[in-house]
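Geometric and topological summary
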Amino acid sequence: MQMNSGARRAFTTSVSVFAMLAAGSALAQENAQAAEAVDDRGGIDEIVVTAQRRAQSLQDVPIAVSAFSNEALADQQIENTLDLQQALPNTTFTKSNFTGSSITIRGIGSPAVATSGDSGIGVHYNDMPLVASRLFENEFFDLERLEVLRGPQGTLFGRNATGGVINLITATPKKEFQAAGEFEYGNFNSIVGRGMVNAPLADFAAVRLAGIYVNRDGYTENVATGNDIDGRDSFALRGSLLIEPTIDTTFTVTAEYFEEDSDRSRIQKQLCATDPTGILGCRPDRLGFGSINSNATLATILSSSQFLSIAASPALAPFALYDVYGPSAFSNANNPTDPRKVAIDFEPTYKADQLIIQAELEHDFGGVVATLNGGYSKTSVRSRTDYNLSITDSVQPQIARLTAIAGGAFGPDAAAIAGGILATPLFQNGQICVSDATREQVGIANGVVNRCADNTSEFDESGIRNEQWSVEARLASDFDGPFNFLIGGLYLQGEATESDYFVNASGLDYASVLLGGPASNFAAIVGPPMFNNLTDLVELDTYGIFGEVYFEVNDQLKITGGLRYSNDKKFVRDRTFLLNFPIPFGTEDARVLAADGRYDADPSVAGAQAFREQTFDDDAITGRLVIDYTPDVAFSDDTLIYASYTRGYKPGGINPAFDPTVLSAPVSFASEKINAYEIGMKNSFGGGTAQVNLTGFYYDYKGLQVSRILNRTSFNDNTDAQVYGLELESILAPTEGLTINASLSYQKTKIKDLAIFDSRDPSAGRSDAVLIKDITNASNCVLASATPGAVSQEALVGIVNAFNQNFDFDGPGPNPSVLRSAVPVPGTNTFGAFSLCGALAGAIASGAFDAFGGQGILLEFQPNGTPILPGGIPVDLSGNELANSPNWKFSVGAQYEILTDGGWTITPRVDVNFTGNSFSSNFNQATDRLEGYEIVNAQLTLRSPDERFYVRGFIQNAFDTLGVTGRYRTDQSSGLFTNEFYTEPRRYGAAVGFKF
C-alpha cells in the first residue's frame with residue numbers, strides 16, 4: 001500500500017494511540033485501581049444494549065456486538081452507513097451497481113443479486129425487520145443507540161441473518177420537555193439541519209418529533225457541461241408517541257418518512273483499458289482511463305451492417321449505423337484521470353422514499369414480560385445515469401449519408417428506405433434521439449424519446465418498490481430462580497413491484513427501426529427498443545418460531561440454548577424484453593401486445609407465456625448453544641468468558657429472468673447454512689477506566705450465495721466457504737476527560753469449491769482456444785479442445801477463418817464486408833474473431849471441419865444442440881478470498897475534555913480508520929484488487945458551562961483519501977467495463993447547536 005506523507009502521519013498517530021492503549025491496559029491488569037480512584041481518573045459510561053431482547057450492560061452480553069449512542073455517533077462523525085463501517089471490526093460497506101448496497105460482516109453479506117434474494121445482514125428498526133431499507137441513502141439522526149451484532153442471528157431476532165444484524169433504535173419520548181437543534185455549513189455548499197422536540201402530553205404520555213435536512217453540491221465535476229453532479233437533496237421526519245397507562249404497560253408508536261430527489265450518481269467512475277479488437281471491449285488484464293471499444297457492445301452490433309445482413313437482409317447493410325470493424329463510437333471520448341471528474345452527456349437523477357410505521361406494546365405480568373412488535377414499511381428508489389460515463393462521437397456523417405441516400409444518390413428503392421428511417425421519431429431536427437425508459441416500453445414507436453443530440457445517447461435506469469408488514473410476539477421470563485426463557489414468533493409478508501432495470505441506447509433504437517421498418521413500410525418497429533429486465537412481482541411469505549432457555553448453574557456459570565424453525569415461501573413473476581415482437585407506430589402500451597401471445601417469456605412451458613412464474617419454498621431448524629462464565633480473577637474488575645455454537649440459515653431464491661433454451665443456468669439458487677463457532681472474553685479494568693474485549697470465530701459455510709453476470713443479467717451460484725478471525729475492541733479512560741477507543745480485526749476467508757468461467761476472459765488464459773464475439777447477441781463463446789493441448793491454436797484459428805469466409809455481405813461500395821479472420825486479443829493468450837457461435841457449433845457438429853482436427857473440438861451445448869451463450873472455460877476458485885473481505889482493519893479515536901476557568905469545555909477529537917486490502921470479486925484477479933486506505937477525521941467542540949449551547953468545527957477525510965470500496969464488472973454485451981465506488985472526499989465546516 002502506498003501512503004502519502006499525510007497518510008503516513010495518520011498511520012504513525014494510530015500506532016502511537018494503540019501503544020498508549022496497550023500500555024494503559026497492561027497497567028490496569030497489573031494493578032486494578034480502587035473504586036474511589038475512578039473520580040480522579042474519569043471513567044467509562046456503561047453502555048446498555050438490548051442485543052438479547054432485554055436491557056443489559058454491553059459487558060454482560062455473550063455476543064460480539066458493537067453499540068453507539070447518539071452522542072458517540074456524533075463524536076466519531078458517524079453520519080451514515082459508509083461512516084459506520086469504518087469504525088466496526090471486520091465490516092465493509094459499498095454501493096452496488098444498481099439501486100442496492102452491500103454490507104459485509106466477517107465475509108458474509110449480500111452478494112446474491114436477485115429481487116427474491118435476502119441479505120445476509122439483517123436491518124432492524126426498533127427490533128422490526130426490514131426487507132428493504134434506505135440505509136444507504138438516509139443519515140442517522142436522533143437515535144437512542146445503534147447496535148451491530150456480528151455472527152448468525154435467529155433465535156432472538158425475528159428474521160434469520162447469517163452475517164449479523166444492524167438494529168437502529170430511535171430515541172423514545174420522555175415525560176419532560178426537551179429540545180435540540182443543529183445547523184451545519186461546510187464545503188460543497190453543504191447545509192445540514194437537525195432538530196428534535198420532546199414534550200409530555202400527560203403524566204402517562206409523551207411525544208417526540210425529530211427531523212433532518214441535507215443539501216449539498218456534487219462531489220464530481222462533469223467537464224462536458226461544467227456542472228457538479230453526485231449531490232444530495234433529502235429530508236427525513238420522525239414522530240414518536242409514548243403511552244404508559246399503568247406502571248406495567250408501555251406502548252410506543254413511531255412513524256418516519258424519508259425522501260430524496262437529487263443528482264446522486266450510482267457510479268463514481270468507469271474504468272477500461274481499451275481492447276482495440278472489439279472482441280471483449282476492455283482488456284481483461286488491467287484497468288485504465290480509456291473507453292470501451294463500442295464494437296463489442298450490443299447497441300453497436302445490432303445496428304451494424306454485419307448483423308443486419310444476417311438477421312434481416314443484405315440489402316439493409318448500406319443503411320447500417322456502424323460497422324464492427326470500423327472505429328469505436330468512443331474513439332474520441334474523454335475519460336478524465338481524476339476520479340472526481342467525468343465527461344458525460346446524460347447527467348444522473350436519483351429519487352428515493354420510505355415510510356415506516358412501527359409500534360410496540362409491552363406488559364409486565366410479574367415474572368413474565370409480553371411484547372408485541374410490528375408495523376408497516378413502504379419504500380421505493382429509482383435512478384438514472386449515463387451508462388458508459390462517456391460521450392460517443394458524432395453520427396452526423398452517418399445522418400448526412402442517409403440524407404444523401406434519401407435524396408436519390410443510390411436509386412429510388414434505397415431512397416425510400418433511407419427516407420423512411422429519417423421520418424421516424426428516432427431522428428428529429430437533424431439529430432438522433434434515444435427512447436425514454438417507460439414501463440409501457442414503446443419508446444420511439446410512440447414518439448417517447450428522452451433526448452436528441454448530434455451523437456448517440458446511452459443511459460440506464462434501475463428501480464424497485466417494496467412493501468411489507470410484520471408482527472412479532474415474544475414472552476420473556478424474569479424469574480428469581482436459575483431458569484428463564486424467551487419464546488417468540490414472527491410473521492412477515494413482503495411484496496416487491498416495478499423491480500426493473502433498463503438500458504436505453506440510440507443504437508438499439510436504430511436496430512428496432514431497421515428490423516421492423518422496411519417490411520412494414522416503416523409502420524412498425526421490432527421492439528421493445530430497449531433492454532428491460534423486469535421483475536413484475538415478488539411475494540414473500542415467511543414465519544418463524546424461535547426461543548431460548550437460560551440456566552444459571554451457579555453465580556458464575558450460565559448456559560443458553562436456543563432453537564428456531566423458519567419457513568420461507570417466495571413467488572416471482574418476471575420477463576426480459578429486447579426486440580421481441582413488432583410494435584406498430586402509435587402503440588401506447590407494448591405490454592398489451594406481449595400479453596396477446598406475441599412474446600414468450602418462458603419457452604420451457606407450452607404456449608406463449610406473458611411472464612415467467614417461479615416459486616421457491618424452504619424451511620430449516622437452526623439454533624445456538626452458549627456457555628458463559630464470570631470468573632473471579634485478580635487482573636480485572638469484571639471478566640466474562642463465553643463460547644458459542646450457532647447454526648445459521650438464509651433462504652435461497654429465484655434467479656432473474658432468462659431464456660432456458662439459450663442459457664444454461666439454474667432457475668433458483670439454494671439456501672445458505674452456516675456452522676459458526678465463537679469464543680470471547682470481555683474485561684473491565686481499573687475501577688471502570690478500561691475495557692478490553694476479544695473475540696475469535698470460525699465459520700463453516702455451506703451453500704454460500706455468490707453472484708456473477710451472464711447474458712445481460714445477474715445469476716447466483718452456491719459454494720462452500722470457510723471464514724475465521726479475531727476482533728479486539730477497547731475503551732480506555734486513563735485520566736479525567738481523556739477517552740480512547742480502538743478496535744483491531746483480522747479475518748481470513750476462503751472459497752472451498754467453486755469452478756465457473758470468468759466472463760472477463762472466457763478463455764481462462766489458455767492459448768489453445770479462440771474467443772468468439774457472437775454477431776447476433778454480443779456475447780462471447782469459446783472454441784477450444786476438450787482436452788487441453790489436443791488441438792493446436794493454429795488449427796482452431798483455421799476453423800474460425802474458414803467458417804467466416806462463408807459470409808460475404810454487400811456493402812455500399814464495390815468491396816464486400818466479411819466476417820474477418822481471427823486476430824490476437826490483447827490481455828489474453830489467444831486469438832478472437834467476430835462470428836456466429838450457433839452456426840459455427842453446427843458446422844463443427846456436422847463434421848465439416850474434420851480436416852482441421854474437428855475431433856475433440858469443444859463448445860458448450862444444450863441437450864438440444866444449441867450452444868450455451870455466454871460460454872467459457874471454467875476456472876477453479878478454490879482457495880480464493882471472498883469479495884469485500886479485507887484481512888485487516890483498525891480504528892482508533894481519542895478525545896480530551898478541557899475545562900476552562902469560565903466553565904466552558906473544549907473537546908478536541910481525532911479518529912483514524914484503516915481498511916486493508918481486499919478483492920472486489922471472488923475471482924481475485926489483479927483487476928479485482930482493492931487497495932487498503934485510511935480515513936482520518938477530526939473535530940473541535942466548544943460547549944457552554946451548562947452544556948446547552950455548543951459550536952464545533954470538523955473535518956472528515958482530512959487527507960482527502962480516495963478509498964475504493966467496491967467494483968462491478970459489467971456484461972460481455974456491454975464491453976466488460978468496470979464501475980468503481982468511492983469513499984467521500986474531504987469535507988469540512990462548522991456547526992452551531994443547542995440542547996435543552
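Residues numbered from 1 in each chain as written. Predicted model: local features only at pLDDT ≥ 70, side-chain atom pairs only at ≥ 80, totals over all residues. Heavy atoms only, no water.

What about a nonpolar patch on the surface?
Together, F183, Y185, I191, Y213, W904, L942, V951 and V992 give the surface a local cluster of nonpolar side chains, amounting to about 690 Å² of exposed area. Structurally, I191 is set in strand β11 (residues 190-202). (Patch = residues over 30% accessible without salt bridge, like charges linked within 9 Å, V, L, I, M, F, W, Y side chains within 5 Å. Areas by Shrake-Rupley, 256 points an atom, 1.4 Å probe, with all protein chains shown as cover. Salt bridge = Lys/Arg side-chain N within 4 Å of Asp/Glu carboxyl O. Helix = DSSP H or I, 4+ residues; strand = E, 2+ residues; numbered from the N terminus.)

Points about the sheet that holds strand β3 (residues 65-69)
Pairing is mixed in the open sheet, where 5 strands are placed in the order β3-β8-β9-β6-β7. One side of each edge strand has no neighbouring strand; the edge strands of this open sheet are β3 and β7 (128-130). Ignoring strand direction, the axes of neighbouring strands in this sheet form an average angle of 20 degrees. Relative to strand β8 (residues 143-150), β3 is paired through 5 bridges, and the arrangement is antiparallel. Within the sheet, the bridge partner assigned to A67 lies in β8 and is E147. (Pairing = 2+ DSSP bridges. Axes fitted to C-alpha atoms, helices over the stretch in contact; angles between N-to-C directions.)

Considering helix α7 (residues 396-406)
All buried positions along α7 are accounted for by I399, L402 and I405. Looking down the long axis of α7, one finds its buried residues gathered within 120 degrees of arc, a one-sided arrangement. The inward-facing, buried residues of α7 abut α8 (412-423), β21 (427-428), β22 (431-435) and α9 (506-516). Downstream of α7 by one or two residues, G408 has phi in the positive range, about 100 degrees. (Buried < 20%, exposed > 50% of the residue type's maximum accessible area, 1.4 Å probe, protein only. Arc of directions from axis to C-beta. Contact = heavy atoms within 4.5 Å.)

Describing the nonpolar core
For soluble globular proteins, the rule of thumb is that nonpolar side chains tend to be buried together. Ranked by size, the top nonpolar core spans 96 residues in total, and within it F319, I421, F427, Y510, V513 and F581 carry the most contacts. The dominant element in this core, judged by the number of residues it contributes, is helix α11 (residues 793-804), at 6 residues. What F581 contacts, discounting residues up to four positions off in sequence, is I525, V526, G527, P528, A590, L593, A594, R598 and Y599. (Core = buried A, V, L, I, M, F, W, Y, C linked by side-chain atoms within 4.5 Å.)

Here we look at α9
For α9, a buried count of 10 out of 11 residues is recorded, marking the element as mostly surrounded by other parts of the structure. Those residues of α9 not exposed but buried are S506, G507, L508, D509, Y510, A511, S512, V513, L514 and G516.

Some details on the packing of α7 against α8
Two quantities define a packed helix pair, namely the angle between the axes and the distance from one axis to the other. Close contact between α7 and α8 brings their axes to 7 Å; oriented N to C, the two are set at 130 degrees. Here α7 lies oblique to α8, going by the angle between them. Crossing angle aside, the handedness with which α7 passes α8 is left-handed. Contacts from L402, T403, I405 and A406 in α7 reach A414, A415, A418, G419, I421 and L422 in α8. Taken together, the residues of the contact of α7 with α8 break down into 8 nonpolar, 2 polar and no charged. (Parallel < 35°, antiparallel > 145°, perpendicular 65-115°, else oblique. Left-handed = near helix turned anticlockwise from the far one by under 90°. Nonpolar A, V, L, I, M, F, W, Y, C, P; charged D, E, K, R; others polar.)

Considering the sheet that holds strand β18 (residues 341-342)
Strand order in the open sheet formed by 3 strands is β14-β13-β18, and the pairing between neighbours is mixed. Here the strands that pair on one side only, and so sit at the sheet edges, are β14 (227-229) and β18. In terms of strand pairing, strand β13 (residues 220-222) meets β18 through 2 bridges, oriented parallel. Residue pairing across strands places N222 opposite V342, the latter belonging to β18.

Brief notes about the state of the cysteines
Here the structure, examined in full by the defined rule, presents 3 disulfides. For C433, the disulfide goes to C452, at an S-S distance of 2.0 Å. Given an S-S torsion of about 95 degrees, the disulfide between C433 and C452 has right-handed geometry. Of this pair, C433 sits in strand β22 while C452 is found in strand β23 (residues 449-453), placing the two residues 19 residues apart along the sequence. C433 sits in the buried class, given a relative accessible area of 0%. Judged by relative accessible area, which is 24%, C452 ranks as partly exposed. What connects to what in the protein chain, once the bonded cysteines are numbered by sequence position, is 1-2, 3-4, 5-6. (Disulfide = S-S within 2.5 Å.)

Side note on the pairing of strand β15 (residues 232-246)
Examined bridge by bridge, strand β12 (residues 205-216) and β15 share 12 bridges and lie antiparallel to one another. The residue of β15 that forms the bridge with I212 is A236. With 11 bridges joining them, β15 and strand β16 (residues 249-262) adopt antiparallel strand pairing. By the bridge assignment for β16, T246 is matched with T249. Two successive antiparallel strands, β15 and β16, enclose a turn made up of 2 residues.

Thoughts on the pattern of salt bridges
The final tally for this structure, using the stated rule, is 52 salt bridges. Residues R439 and D500 are paired through a salt bridge, measuring 2.4 Å at the closest nitrogen-oxygen approach. With R439 in the loop between β22 and β23 and D500 in strand β25 (residues 483-505), the pair connects residues that are 61 residues apart, well separated along the chain. Across the pair R929 and E931 runs a salt bridge, and its minimum N-O distance is 3.3 Å.

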